[in-house]
Each structure stands twice: as C-alpha cells, then as structure tokens.
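Secondary and tertiary structure notes
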Amino acid sequence: MKKFLLALCAVMGLAFGASAQRAQLQIGYGGYTQMDASDMHDGGKINSAWGALTMGVNFKVAPSFYFGPSYTFSSASYKHSDANCYYHVIMLNGRYNYWRNSIVTLYAHLGLGVDISHITWDDGSKNKAYFAFQASPLGAEVGLSRSCAMFGELGYGAQGLLQVGVRFNL
C-alpha cells in the first residue's frame, strides 16, 4: 500500500509541476452510472437514480495527454423504504487525444478511483467503499473559443454511459 501511495504522489507531483499553466476545469453530467448498474448500494432495490455530476481538473502533461483528479456525486432512493444512498467518487483520470483538427478533438478517457457510498435510513446510516472506474473509448471535444469547449463521451463507469459538459482553459 505504501508503494502505491508513493507512486500516486509522484504521478500527481509530475502532473501538477509539469504544465500548471495548461490546466482545464471541467464540469459534466452523466446518465446511468456504474453505481446504478451494479450493486454499489448494499443490496436492496433502487427506486430512482438521476445520474451523476462531475467536476475535475485536467493538466496537460504531454502534447496529447491530460491527467488530473475528479469528484463525482450521485444519489439514489430505495423502493418501499425511506432509505437513500449518496455516492461520492474520487478518481484520477487520464485522457489521450488521438485525432484533432482546428475545432474538434477526439480522445479516450480512463479514470480509476474509489466510490464511498453513504446509505441512510430512519434510524441510522453506514458507509461502504467500492472500486470505481470510468472507461470512455470515444470522446469528442468541440472548441467554442480559446477558453471554452463542450465535450461528450461514450463509455461505462462512475461518470455515466453518456457524459456531456463544458471545459474551461485556465
């Protein structure tokens, strides 16, 4: 575990130090997440789930590669109960641009991290941790200006099957 944490700190240090002036802030919404599709709510039947909101920072560490952390929030309610489940996902993300022209960029995105599910009911609550990931082999970013772009991704994971949002160059 110590080796993993040291490697994680080294990679984060490289990401933050390599190209701090080339950062992007991204905000997105994704539907039908990993948490909805698999049992990341400690059993029980889910009544409704609305998708996931994601916020992240990406740092350009190579000409076609971005790396950075993200936070995703989602929630769901149980059928026949007043119980709710709140998902907090923290991931490290990598994005590789594989095709680009003056307006559109096509890319692949992979994220790995942890989901902390907070389950509440009338007389208590509990937390459970699960492995979280996002694999999006097809992503497209359309530049609206030098500082703003829209994006869409198709994939599977904690950020959703279809994720759309905006990115701001800082």
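Everything here concerns the structure above.
Residues numbered from 1 in each chain as written. Predicted model: local features only at pLDDT ≥ 70, side-chain atom pairs only at ≥ 80, totals over all residues. Heavy atoms only, no water.

1. Considering the overall build of the protein
Check the secondary structure of the protein and you find two helices and nine strands. Counting all 170 residues of the protein, 38% fall into the buried class. Long-range pairs, those at least 24 residues apart, make up 56% of the contacts in the protein with a sequence separation of at least 6. A total accessible area of about 9300 Å² is found for the protein, and carbon and sulfur atoms account for 67% of it. (Helix = DSSP H or I, 4+ residues; strand = E, 2+ residues; numbered from the N terminus. Buried < 20%, exposed > 50% of the residue type's maximum accessible area, 1.4 Å probe, protein only. Contact = heavy atoms within 4.5 Å. Areas by Shrake-Rupley, 256 points an atom, 1.4 Å probe, with all protein chains shown as cover.)

2. Overview of the nonpolar core
Membership of the largest hydrophobic core is limited to eleven residues, which are Met35, Ala76, Tyr78, Ala83, Cys85, Tyr87, Val89, Met91, Ile119, Ala132 and Ala158. The element contributing the most residues to this core is strand β5 (residues 84-100), with four residues. (Core = buried A, V, L, I, M, F, W, Y, C linked by side-chain atoms within 4.5 Å.)

3. Considerations on the pairing of strand β9 (residues 162-169)
In the sheet, strand β1 (residues 23-31) pairs with β9 via eight bridges, with the strands oriented antiparallel. Counted as the bridge partner of Leu25 is Phe168 from β9. Two elements, strand β8 (residues 148-157) and β9, share seven bridges in a ladder whose sense is antiparallel. Paired with Leu154 across the strands is Leu162, a residue of β9. Counting the residues that bridge the hairpin from β8 to β9 gives four residues, and of these Gly160 lies at a positive phi of roughly 115 degrees. (Pairing = 2+ DSSP bridges.)

4. Points about the pattern of salt bridges
Following the criterion strictly, the structure yields two salt bridges and no others. For Arg167, the salt bridge is made with Glu141, and the minimal N-O distance between the two is 2.7 Å. One end of the pair, Arg167, is in strand β9; the other, Glu141, is in strand β7 (residues 124-143), with 26 residues separating them in the sequence. Classification of Glu141 by relative accessible area gives buried; the value is 12%. Here Arg167 ties to Glu153 by a salt bridge, and the two come within 3.6 Å at their closest N and O atoms. In this pair, Arg167 sits in strand β9 while Glu153 sits in strand β8, placing the two residues 14 residues apart along the sequence. For the residue pair Arg167 and Glu153, the accessibility class agrees, reading buried in each case. Beyond isolated ion pairs, a larger network of salt bridges with shared partners links Glu141, Glu153 and Arg167. (Salt bridge = Lys/Arg side-chain N within 4 Å of Asp/Glu carboxyl O.)

5. Examining the environment of Met35
Inspection of the secondary structure assignment puts Met35 in helix α2 (residues 34-37). Taking the relative accessible area as the measure of exposure, Met35 reaches 0% and is therefore buried.

6. Quick word on unusual backbone geometry
Look at Tyr32: it is not a glycine, yet its phi comes out positive at around 50 degrees. By the secondary structure assignment, Tyr32 is in the loop between β1 and α2.

7. Focus: the environment of Ala52
Assignment of secondary structure puts Ala52 in strand β3 (residues 52-62). In the structure, Ala52 is positioned 108 residues away from Gly160 in sequence and 6.9 Å away in space, judged by C-alpha atoms. Excluding its chain neighbours within four sequence positions, the residues that come into contact with Ala52 are Gly28, Tyr29, Gly30, Thr33, Thr72, Phe73, Ser74 and Ala158.

By themselves, these figures tell us nothing about what the structure is for.
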